Amino acid sequence: MTEDAFISIRKVDKHFGKVQAIDSVSIEIGHGEFFSLLGSSGCGKTTLLRMLAGFEAPTGGEIFIDGQPMSDVPPHMRPVNMVFQNYAIFPHLNVRDNIAYGLRKQRLSRNRRHDLVEEMLELIKLPGFGDRRANELSGGQRQRIALARALILRPKVLLLDEPLGALDKQLREQMQLELRALQRTVGITFVFVTHDQEEALTLSDRIAVMSQGRVLQLDTPSGLYETPHNREVASFIGTMNFFDAKVSGVNGARVEVEAAGLGRINAPARDRRYVEGESVQIAIRPEKLELTADAPLDSGISVQGSLENAAYLGERSHFFVKLDGLDQPVAVSAQNREGATIGTDATGPVWLNWSEASVVVLTSD
Ligand SMILES: Nc1ncnc2c1ncn2[C@@H]1O[C@H](COP(=O)(O)OP(=O)(O)O)[C@@H](O)[C@H]1O
Ligand SMILES: [Mg+2]
């Protein structure tokens, strides 16, 4: 384990009868990190979060928080607090009493309690809202109250289970920015659960992409996007073009492959070992491809194809290019700038260009 891991999840399993919800997961989370668990419904995100909170016990493995093993520590003794999707605030209490709810067992003076609540109302940008009733609040405001109620207890870790899931898109995007800023301000470690890849990319320092109870890749947002390790991660995050390929040469930092539709091309090896003849897949993002009407000067990193159709989407356009030897057309995404050489009404022969650095080699692990 690294020296500064604040949360250490070590080879944790969780079985519910015959269902294995978590399968040997190991994750280390740093102090003050905004960490996300990302994956589709049923992959085990909530189960992992509930084990951090102490609502579920691991079937195997161990969880450490702040250097302490958690196996014998009940939920209320853990330095964590949890925020849920369905903002768990009391409809019959006003905002002040909702936020102060967790403080009721602490012996604080009226004034001290009042000051703490006011501090929280400032933090969540709702000053003066103390006397409002819960049913006089919008969805976004309620969720901020739920955050304040969790944060007033000064937990070392805040666990958030799809807290923005019930909000509409515009409000959700605004709350994402606020949540990120709030986390920076309070400096508390956040473990955030979402099935929304854009949300995870926007918010997180690092993300664990999960599937069927396992971690597929643990990386920074740009690491996941730019260098996914396998096809599942590559297709879960953003849009990707895939090409079947075989390794035809290994040369230190680069690997040469024979790829369907693209021919013999080079890609960065990125510290992986490849064997000649090995089957791999090549992946290239649509926005890393460029279309030109004429053949480029450097012929090693381009291929000729035929423009099948295109869609104008305002700030960008999508093009679909048929290549010899491929059933699926290749997707190209281009920003709509003044003077673009190829418009969405064009058809016929085009050149597809890319840079070696944008080629990702996926393995089948
Ligand atoms: N209390 C439970 N009893 C039985 N199965 C459960 C229980 N909680 C979760 N599961 C199962 O564990 C798996 C992971 O669930 P969950 O952690 O809720 O996924 P997610 O939050 O990623 O949608 C699912 O197959 C789910 O049906
Ligand atoms: Mg869940």
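Residues numbered from 1 in each chain as written. Chains lettered and ligands numbered in written order. Predicted model: local features only at pLDDT ≥ 70, side-chain atom pairs only at ≥ 80, totals over all residues. Heavy atoms only, no water.

**Student:** I'm lost on the overall build of the protein chain in this one. Help?
**Tutor:** If you tally the helices and strands in the protein chain, you get eight helices and 20 strands. Referenced to the eigenvectors of the C-alpha coordinate spread, the extents of the protein chain come out at roughly 75 × 50 × 35 Å. Evaluated residue by residue, the protein chain yields a buried proportion of 46% over its 365 residues. Across the protein chain, contacts joining residues at least 24 apart in sequence account for 66% of those joining residues at least 6 apart. With the model as given, the accessible surface of the protein chain reaches about 18,400 Å², and the carbon-plus-sulfur share is 47%. Taking the average location of the 40 positive side-chain charges in the protein chain and that of its 47 negative ones, the two points are 9 Å from each other. (Helix = DSSP H or I, 4+ residues; strand = E, 2+ residues; numbered from the N terminus. Buried < 20%, exposed > 50% of the residue type's maximum accessible area, 1.4 Å probe, protein only. Contact = heavy atoms within 4.5 Å. Areas by Shrake-Rupley, 256 points an atom, 1.4 Å probe, with all protein chains shown as cover. Lys, Arg positive; Asp, Glu negative; His and termini not counted. Charge placed at Lys NZ, Arg CZ, Asp CG, Glu CD.)

**Student:** What is the right way to read the nonpolar core from this model?
**Tutor:** A general feature of soluble globular proteins is that nonpolar side chains tend to end up buried together. I99, L121, I145, L158, L160 and L179 are the most contacted members of the largest nonpolar core, which has 34 residues in total. If you list the elements that add at least two residues to this core, you get α2 (95–100), α3 (110–123), α4 (139–151), β7 (157–161), α5 (169–186) and β8 (189–194). The dominant element in this core, judged by the number of residues it contributes, is α4, at six residues. Non-local contacts of I145, meaning those with residues more than four positions away in its chain, are made with I89, V95, N98, I99, I124, L126 and L137. V257, L262, I284 and L307 belong to the second-largest nonpolar core, a separate cluster that totals 30 residues. (Core = buried A, V, L, I, M, F, W, Y, C linked by side-chain atoms within 4.5 Å.)

**Student:** How should the packing of aromatic side chains be read in this particular structure?
**Tutor:** We describe a pair of aromatic rings using the distance from one ring centre to the other and the angle between the two ring planes. Considering all chains together, one arrives at three aromatic pairs under this definition. Between the aromatic rings of F34 and F192, the centroid separation amounts to 5.7 Å while the plane-to-plane angle is 50°, which identifies the pairing as tilted. A residue pair is termed long-range when its members are at least 10 positions apart, and F34 in strand β3 (residues 34–38) and F192 in strand β8 qualify at 158 residues. In this structure, F34 and F192 share a single accessibility class: buried. Here a set of aromatic residues connected by ring pairs shows up, and it is made of F34, F190 and F192. Looking at R10, its charged tip hangs above the ring of F64, at a distance of 3.9 Å from the centre. The positively charged end of R231 is found above the aromatic ring belonging to F242, 3.9 Å away from the centroid. (Phe/Tyr/Trp six-rings, centres within 6.5 Å; stacked < 30°, edge-to-face > 60°. Lys NZ or Arg CZ within 6 Å of the ring centre and 35° of its normal.)

**Student:** Can you help me understand the pattern of salt bridges in this one?
**Tutor:** Oppositely charged side chains can pair when the atoms bearing their charge come close. Applying the stated criterion across every chain yields a total of 16 salt bridges. Its salt-bridge partner being E118, residue R96 comes within 3.4 Å of it at the nearest N-O pair. Linking R96 in helix α2 with E118 in helix α3, this pair joins segments that are 22 residues apart in sequence. Classification of E118 by relative accessible area gives partly exposed; the value is 27%. One salt bridge in this structure joins E356 and R254, with 2.4 Å as the shortest N-O distance. (Salt bridge = Lys/Arg side-chain N within 4 Å of Asp/Glu carboxyl O.)

**Student:** Explain the sheet that holds strand β17 (residues 316–322) here, please?
**Tutor:** The strands that make up a sheet are held in pairs by hydrogen bonds between backbone atoms, and each pair lies either parallel or antiparallel. On the basis of which strands lie adjacent, the open sheet formed by five strands has the order β15-β19-β16-β17-β18 and antiparallel pairing. Since the sheet does not close on itself, it has two edges, and those belong to β15 (290–292) and β18 (330–335), each with one partner. For this sheet, the mean inter-axis angle between neighbouring strands, taken without regard to orientation, is 45°. The pairing of strand β16 (residues 302–312) with β17 spans six bridges and is antiparallel. (Pairing = 2+ DSSP bridges. Axes fitted to C-alpha atoms, helices over the stretch in contact; angles between N-to-C directions.)

**Student:** It is not clear to me how unusual backbone geometry should be interpreted in this structure. Could you clarify?
**Tutor:** Note: most residues except glycine have negative phi, and most peptide bonds are trans. One non-glycine residue, K125, lies in the positive phi region at around 60°. Inspection of the secondary structure assignment puts K125 in the loop between α3 and α4. The phi angle at D271 is positive, at roughly 65°, despite the residue not being glycine. Relative to the helices and strands, D271 is located in the loop between β13 (263–268) and β14 (279–284). On the basis of relative accessible area, D271 is assigned to the exposed category, the value being 84%.

**Student:** Before we go on, may I ask you to explain the site of ligand 1 in this structure?
**Tutor:** If you check the shell around ligand 1, you find F16, V19, A21, S40, S41, G42, C43, G44, K45, T46 and T47 and nothing else. In this structure, an oxygen atom belonging to ligand 1 sits 2.8 Å away from a side-chain N or O atom of K45. A distance of 2.8 Å is found between an oxygen atom of ligand 1 and a side-chain nitrogen or oxygen belonging to T46. Expressed as a share of its isolated accessible area of 560 Å², the protein-covered part of ligand 1 is 59%. Of all elements in the fold, only β2 (19–30) and α1 (45–53) reach the threshold of two or more residues within the shell around ligand 1. Here the element with the most residues in the shell around ligand 1 is α1; it accounts for three residues. Each residue belonging to the shell around ligand 1 can be placed in one class, and the counts come to four nonpolar, six polar and one charged. (Near = heavy atom within 4 Å. Polar contact = N/O pair within 3.5 Å; in protein donor to acceptor, adjacent residues only side chain to side chain. Nonpolar A, V, L, I, M, F, W, Y, C, P; charged D, E, K, R; others polar.)

**Student:** Explain the side chain of R144 to me, please; I cannot follow it from the model alone.
**Tutor:** Within the secondary structure, R144 sits in helix α4. A relative accessible area of 12% means that R144 is categorised as buried. Residues in contact with R144, not counting those within four places in the same chain, are I124, K125, L126, Q174, M175 and E178.

**Student:** I'm lost on the domain arrangement of the protein chain in this one. Help?
**Tutor:** Its domain assignment divides the protein chain into domain 1 (5–232) and domain 2 (239–362). Contact with domain 1, which involves eight residues of that partner, is made by ten residues of domain 2. Of the roughly 840 Å² buried between domain 1 and domain 2, counting both surfaces, carbon and sulfur atoms make up 48%. Taking the shortest distance from any N to any O, the salt bridge between E226 and K288 comes out at 2.9 Å. Run the count over domain 1 and domain 2 and you get four residue pairs in polar contact (both at pLDDT 80 or more). No other element matches helix α7 (residues 221–226), which puts three residues into the side of domain 1 that touches domain 2. Along the lines of polarity and charge, the residues of the side of domain 1 that touches domain 2 split into three nonpolar, three polar and two charged. (Domains from an automatic or database assignment. Buried area = accessible area lost by both parts, 1.4 Å probe.)

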